[in-house]
Amino acid sequence: YLGGNNFQVFSSSMQNLFKFQINVESDLRRALLKNELEVFYQPKIDLRTETITSVEALVRWKHPDKGLITPADFVNIAEETGLITDIGGKVLTIACEQAKEWLDMALGKIKISVNLSAHQLRQPQIFSSIADALEQTQLPPDLLELELTENAVVENIHSTRKLLQKFREQGISLSIDDFGTGYSSFSYLKKLPVDTLKIDRALVREVPDNPQDTAICKAIIVLGQNLNLQVVAEGVENEEQYRYLQDLGCDLVQGFYVSRPMDAEAMTKLLCQQQRKFADQSSI
Ligand code: C2E
Ligand code: MG
Ligand code: MG
Ligand code: MG
């Protein structure tokens, strides 16, 4: 008798999933209290000057038993349980503090990008918490960029529009993350004060060999040029992709070819190195 059996299998696997979620949730709560969350940084390279002009903040969980955990293993659960609000708040403050430190070290005009999830965008206090973080860290708002996915933005386009307008008035920049893989039309781009399109790495992976992906990337770059938006390609893993996107007129790239995400100390070292190179060149 299959029915009963199936039901049991289904129900016990549901139960396991549920238990797993509860475990991760309470584990995450502890992580927040014990400061186990760390921010890693990955540079974006301006393809015209070939310098780092911007850095993305990416959360990591330094678990006492399980080691370094990447967002893929906890960001969804954090979203569903609402814990992402506290996690995101923490990441934002740490990232702004770090960017202010780089500014004070005179390492050039380095922007910091912070990811905001759909759940965070729905919080009524999101604007004030970002304004507070800027106030508290004294980071100039034009050095902060928020990365929002297409789906998060379009999900509540009317309320999002007002919110993004307020960010814009503060001088904060806005980037559409994972661009090209959502389900929305382009028309929202004319309604929203967006500065940057960030091409999803799924579309970059097989450039230039895959003619369809390459055509889509080209089209996004032209779209950006005509709408006066910056275009960033994420997930650039080799020199061929780098040069190809550079030739197409893409503005910035981010990816393992240039650098993997790294901790604050390593990122600071890299920015210092770049600054020394500038100083050497200008003294010749
Ligand atoms: P994302 O914002 O699209 O970030 C880019 C992801 O691609 C990062 O993964 C980065 O490590 C990875 N990546 C960068 N270059 C390459 C490459 O050349 N090849 C490949 N295969 N991957 C590359 P990560 O750090 O695991 O983050 C995954 C996602 O988790 C992020 O995607 C973002 O949506 C989310 N996330 C990360 N940090 C935060 C955060 O502080 N708050 C929120 N709400 N979401 C976050
Ligand atoms: Mg991002
Ligand atoms: Mg992305
Ligand atoms: Mg992505």
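For clarity, every value in this text was computed on a predicted model and none was experimentally measured.

Caption draft 1: Broad picture of the coordination of the magnesium ion (ligand 2). Within the protein, Glu-56 (OE), Asn-115 (OD1), Glu-147 (OE) and Asp-177 (OD) serve as the donor atoms for the magnesium ion (ligand 2), at 2.0 to 2.2 Å. Between the magnesium ion (ligand 2) and the magnesium ion (ligand 3) the interatomic distance amounts to 4.0 Å, and Asp-177 serves as a bridging ligand to the pair. On the criterion of sequence distance, the pair formed by Asn-115 in strand 4 (residues 111–115) and Glu-147 in strand 5 (residues 144–149) is long-range, its members being 32 residues apart. We classify Asn-115 as partly exposed; its relative accessible area is 28%.

Caption draft 2: Fine view of helix 5 (residues 126–137). The end-to-end C-alpha separation of helix 5 is 17 Å, in line with the 16 Å expected for 12 residues at 1.5 Å each. Looking at the buried side of helix 5, the elements it contacts are helix 3 (84–104), helix 4 (118–122), strand 5 and helix 7 (157–170). Positive backbone phi, approximately 65 degrees, marks Gln-138, located one or two places after helix 5.

Caption draft 3: A look at the site of ligand 1. Surveying the vicinity of ligand 1 reveals 22 residues, the closest of which are Arg-60, Asp-177, Arg-201, Glu-237 and Phe-256. Between ligand 1 and Gln-120, the relevant distance is 3.4 Å, taken from a nitrogen atom to a side-chain nitrogen or oxygen of the residue. Here a nitrogen atom of ligand 1 and a side-chain polar atom of Glu-237 are 2.5 Å apart. Residue contributions to the shell around ligand 1 peak at four residues, all from strand 2 (residues 51–63). Its residues assigned to classes, the shell around ligand 1 shows eight nonpolar, six polar and eight charged.

Caption draft 4: Region of interest: the coordination of the magnesium ion (ligand 3). Here the magnesium ion (ligand 3) is held by the protein donor atoms Asp-177 (OD), Asp-178 (OD), Glu-234 (OE) and Glu-234 (OE), which lie 2.0 to 2.7 Å from it. Taking relative accessible area as the criterion, Asp-178 reaches 25% and is therefore assigned partly exposed.

Caption draft 5: Quick peek at the environment of Leu-37. Looking at where Leu-37 falls in the secondary structure, it is placed in strand 1 (residues 37–46). C-alpha separation for the pair Leu-37 and Ala-99, spaced 62 residues apart in sequence, amounts to 18 Å. What Leu-37 contacts, discounting residues up to four positions off in sequence, is Ala-31, Leu-32, Val-59, Arg-60, Trp-61, Phe-74 and Ile-87.

Caption draft 6: Local environment of the side chain of Ser-259. Turning to its location among the elements, Ser-259 is positioned in the loop between strand 9 (252–254) and helix 12 (264–283). Looking at Ser-259, the relative accessible area reads 9%, which means it is buried.

Caption draft 7: Just the packing of aromatic side chains, in detail. Scanning the model with the defined rule gives five aromatic pairs in all. Aromatic pair Phe-127 and Phe-167: ring centres 5.6 Å apart, planes at 35 degrees, arrangement tilted. Taken together, the residues span a long stretch of sequence, with Phe-127 in helix 5 and Phe-167 in helix 7 at a distance of 40 residues. Here Phe-127 and Phe-167 have matching classes, each one buried. The cationic tip of Lys-166 hangs over the ring face of Phe-127; the distance from NZ or CZ to the ring centre is 4.4 Å. In this structure, Arg-260 packs its charged tip against the face of Phe-256, placed 3.8 Å from the ring centre.

Caption draft 8: Structural view of the packing of helix 3 against helix 5. Here helix 3 crosses helix 5 at 35 degrees, and the two axes come no closer than 9 Å. The chirality of how helix 3 crosses helix 5 is right-handed. Here Leu-92, Thr-93, Cys-96, Glu-97 and Lys-100 of helix 3 come into contact with helix 5, specifically with Ser-129, Ile-130, Ala-133, Leu-134, Gln-136 and Thr-137. The class makeup of the residues in the contact of helix 3 with helix 5 is five nonpolar, four polar and two charged.

The rules behind each value
- Residues numbered from 1 in each chain as written.
- Chains lettered and ligands numbered in written order.
- Predicted model: local features only at pLDDT ≥ 70, side-chain atom pairs only at ≥ 80, totals over all residues.
- Heavy atoms only, no water.
- Donors = N, O, S within 2.8 Å, 3.2 Å for Na, K, Ca; no water.
- Helix = DSSP H or I, 4+ residues; strand = E, 2+ residues; numbered from the N terminus.
- Buried < 20%, exposed > 50% of the residue type's maximum accessible area, 1.4 Å probe, protein only.
- Expected span 1.5 Å × (residues − 1).
- Contact = heavy atoms within 4.5 Å.
- Near = heavy atom within 4 Å.
- Polar contact = N/O pair within 3.5 Å; in protein donor to acceptor, adjacent residues only side chain to side chain.
- Nonpolar A, V, L, I, M, F, W, Y, C, P; charged D, E, K, R; others polar.
- Phe/Tyr/Trp six-rings, centres within 6.5 Å; stacked < 30°, edge-to-face > 60°.
- Lys NZ or Arg CZ within 6 Å of the ring centre and 35° of its normal.
- Axes fitted to C-alpha atoms, helices over the stretch in contact; angles between N-to-C directions.
- Left-handed = near helix turned anticlockwise from the far one by under 90°.

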